[in-house]
Amino acid sequence: MAVPPLRARPAFAALAAHHAAAGGRTLRELFAADPGRGERLTAEGAGVFLDYAKQRVTDETMALLLRLADESGLAARTAAMFAGERINTTEGRAVLHVALRAPRGARIVVDGEDVVPKVHEVLDRMAAFADRVRDGAWAGHTGKRIRAVVNVGIGGSDLGPVMAHRALRPWADPSLVFRFVSNVDATDLVEATRGLDPAETLFVVASKTFTTQETMTNAESARAWLLRGLGGDARAVARHFVAVSTDAARVKAFGIDPANMFGFWDWVGGRYSMDSAIGLSTMIAVGPARFRELLAGFHAMDEHFRTAPPARNLPVLKALLSVWNVNFLGATSTAVLPYDQYLERFPAYLQQLAMESNGKRVRLDGTAVDHDTCPVWWGEPGTNGQHSFYQLLHQGTRVVPVDFLACERPVHDVGRHHAMLLANVVAQGEALAFGRTAAEVRAEGTPEALVPHRVFEGNRPSSTLLLERLSPHALGALVALYEHQVFVEGTLWGVNSFDQWGVELGKVLASRVLAELEADAPPAPAHDGSTNALIRRLRRARGAR
Ligand code: G6Q
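As the structure is a prediction and not an experimental result, all values here were calculated from the model.

Caption draft 1: Inspection of the overall build of the protein chain at higher detail. A count of helices and strands for the protein chain gives 23 helices and 13 strands. Against the 2.2 N^0.38 benchmark of 24 Å for 545 residues, the protein chain shows a C-alpha radius of gyration of 25 Å, consistent with a compact globule. Seen through its C-alpha atoms, the protein chain measures out along the principal axes to roughly 75 × 60 × 60 Å. Here the protein chain, with 545 residues, has 52% of them falling under the buried criterion. A separation of at least 24 residues holds for 73% of the contacts in the protein chain among residues at least 6 apart in sequence. Counting every atom, the protein chain has about 23,100 Å² of accessible surface; 54% of that belongs to carbon and sulfur.

Caption draft 2: Representation of the site of the ligand. Around the ligand sit 14 residues, and of these S157, S207, T209, T212 and Q352 come closest. Here K208 contributes a backbone N or O atom positioned 2.7 Å from an oxygen atom of the ligand. Contacts to the ligand include G270, whose backbone N or O atom sits 3.4 Å from an oxygen atom. Relative to its unbound accessible surface of 400 Å², the ligand loses 92% to contact with the protein.

Caption draft 3: Geometry of the nonpolar core. Within the largest apolar cluster, 125 residues are counted, with the highest numbers of intra-cluster contacts made by W267, I284, F346 and Y482. Among the elements that take part in this core, helix α21 (residues 472-493) stands out by supplying 13 residues, more than any other. In this view, W267 contacts A94, V95, L96, H97, A99, L100, V115 and V119; residues no more than four positions away in its chain are not counted. In terms of nonpolar packing, the next biggest core, distinct from the first, is built from 26 residues, V150, A219, A236 and V251 among them.

Caption draft 4: Representation of the packing of aromatic side chains in the model. According to the stated counting rule, one finds 20 aromatic pairs in the structure shown. Ring centres 5.8 Å apart and planes at 85° place the aromatic pair F203 and W225 in the edge-to-face group. Residue F203 is found in strand β7 (residues 201-206), and its partner W225 is found in helix α10 (residues 213-229); the two are separated by 22 residues along the sequence. On the basis of relative accessible area, F203 is assigned to the buried category, the value being 0%. The exposure class of W225 is buried, given its relative accessible area of 15%. Taking 6.0 Å as the distance between ring centres and 80° as the angle between the ring planes, the aromatic pair formed by W377 and Y482 counts as edge-to-face. Placement of W377 in strand β11 (residues 376-378) and of Y482 in helix α21 is noted, with a sequence separation of 105 residues between them. The class for Y482 is buried, based on a relative accessible area of 0%.

Caption draft 5: The arrangement of the environment of R442 in detail. Within the element layout of this structure, R442 appears in helix α19 (residues 438-443). On the basis of relative accessibility, which here comes to 42%, the residue R442 falls in the partly exposed class. When the C-alpha positions of R442 and R454 are compared, they lie 9.4 Å apart, and in sequence the two are 12 residues distant. Sequence-distant contacts of R442, defined by excluding residues within four places in its chain, comprise E448 and V451. Within the structure, R442 has its side chain in polar contact with the side chain of E448 (distance 2.9 Å).

Caption draft 6: Summary view of the environment of A83. Its location among the elements puts A83 in the loop between α5 (74-82) and α6 (97-100). Residue classification places A83 among the partly exposed positions, given a relative accessible area of 42%. For the pair formed by A83 and V110, sequence separation is 27 residues and the distance between their alpha carbons is 8.1 Å.

Caption draft 7: Seen up close, unusual backbone geometry. Each neighbour pair has its own omega, and for G382 with T383 the value is 10°, a cis peptide bond. Mapped onto the secondary structure, T383 falls in the loop between β11 and α17 (390-395). Of note, the phi angle at A46 is positive, near 50°, even though the residue is not glycine. Structurally, the position occupied by A46 is in the loop between β1 (42-45) and β2 (48-51). With phi around 65°, N459 is a residue other than glycine that occupies positive phi space.

Caption draft 8: Representation of the sheet that holds β7 within the structure. With parallel pairing, the 5 strands of this open sheet are ordered in space as β6-β5-β7-β8-β9. On the outer flanks of this sheet lie β6 (177-181) and β9 (261-263), each paired with one strand and no other. For this sheet, the mean inter-axis angle between neighbouring strands, taken without regard to orientation, is 20°. Across 3 bridges, strand β8 (residues 241-245) lies against β9 in parallel orientation. Counterpart to S245 in the pairing with β9 is G263. Relative to the sheet, helix α9 (residues 186-193) contacts β6 and β7, its axis offset from that of β6 by approximately 170°.

Caption draft 9: Structural view of the pairing of strand β5 (residues 148-152). For β5, a buried count of 5 out of 5 residues is recorded, marking the element as mostly surrounded by other parts of the structure. For β5 and β6, the ladder comprises 5 bridges, and the chain directions are parallel. Note that in β6 the partner of A148 across the bridge is V177.

Calculation notes
Residues numbered from 1 in each chain as written. Predicted model: local features only at pLDDT ≥ 70, side-chain atom pairs only at ≥ 80, totals over all residues. Heavy atoms only, no water. Helix = DSSP H or I, 4+ residues; strand = E, 2+ residues; numbered from the N terminus. Rg over C-alpha atoms; globule rule 2.2 N^0.38 Å. Buried < 20%, exposed > 50% of the residue type's maximum accessible area, 1.4 Å probe, protein only. Contact = heavy atoms within 4.5 Å. Areas by Shrake-Rupley, 256 points an atom, 1.4 Å probe, with all protein chains shown as cover. Near = heavy atom within 4 Å. Polar contact = N/O pair within 3.5 Å; in protein donor to acceptor, adjacent residues only side chain to side chain. Core = buried A, V, L, I, M, F, W, Y, C linked by side-chain atoms within 4.5 Å. Phe/Tyr/Trp six-rings, centres within 6.5 Å; stacked < 30°, edge-to-face > 60°. Pairing = 2+ DSSP bridges. Axes fitted to C-alpha atoms, helices over the stretch in contact; angles between N-to-C directions.

The structure is reproduced here in structure tokens:
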């Protein structure tokens, strides 16, 4: 049965009425009337604890939001995703990142073929290769052991590996150096290879399509760097380059032995691929056993998402709160603030995951939405952010819902550091929610002229997510939590969370301008006045006419 657009669903109207009647109640009022909400508005799954008591919701709001999820066809769409149906309709593809972490023996069928054995075949090959690099059995062209691994990829073929590398440093082999090259700006490659010995360097060219301009350009220049360093013997490429891709023919054409290619499939979206072969650099860093723990964490959250009742289901709850904040409270951005230095790149990773997935303005059927969709996602680790942009969070004119992330136990138990870190994250949530009234500020003896400056209006929503302790398993569960949150949001908004036509456009346009910048003769002015003038100026700067 066709699902009506968001605003046409009965629960949406009920939520609008509820918001009009009770949406003005502040967090102070909500807690005063219902102190038990602090214990009650929580949920737990796959080792992640969610406290959403400081969101501007009541039990009634949650009940209505759950009705909205029901009316959005969430159960059917979730089942369709897990069953391998082609829910990415604009690209005619299944969406099966959950198959990447399905245990051996599970069964997920696409086009009559069980894909789980293929997934494990690649994982096993990755594991054998990673072990050989880690124990030195895989040597470079001159026989030297590999000491540096450089991942060359961009977008979904970079952000996950970078984030995971930062997050899993405590479990990484300290004798190996990891670098990441993504930007077509040569600076990225130059700095990533600075100080490395070509004889000891392994490049992992990570590109689903193996056509992406930045990655191919960086891979070509990396090959030239290698050959320059190794006396120009083209046979060296086979020992120093491996590929992660879905396109064996293009990999071979580049000069990489297809035996050293690790595949994945069109049903893995780029931003959902860090647990596929795109994670090869991660696996080399932490070893196959830890990588499998990471996958087990993903799978634990998949199972939680698939089986937990909606009212206790972390991705469902988080998505419903997001829809409430965006579509009823008017939030235009959301901040993810990890109080864990190892998660420093997690917000950047989530930016792609969320905004490339749900930054859409048409529904699955091509009609325009008449409501907001994805907010801007951003964030930086705490406590650093407290000393910069938190000013806006506390006293700015915009309300920014926040996800605080923290770990109950530290990786490094040094002095009072962890207690201080936790004290800060707890205090920030409290301050955002309850603020400080003028009366409280005056009671502290603040001069009257300063009172308005020192008032915090509060009533700013946040959730707190706690991991027991950072680990490969915990990271997998956390990433899967956000993957499924994004899926549920996309389902409620009615958009296709799995295409990215906005990204494709940039790939095409840049090729056209590149030809004009590099042409010998001045190109005919084919663009608007501004673009033509920029191209002329940049051609002159390059010494062209
Ligand atoms: C992700 C996007 C995009 C993609 C990059 C790299 O979902 O599709 O970020 O990952 O454009 O693409 P390749 O892996 O094909 O080089």
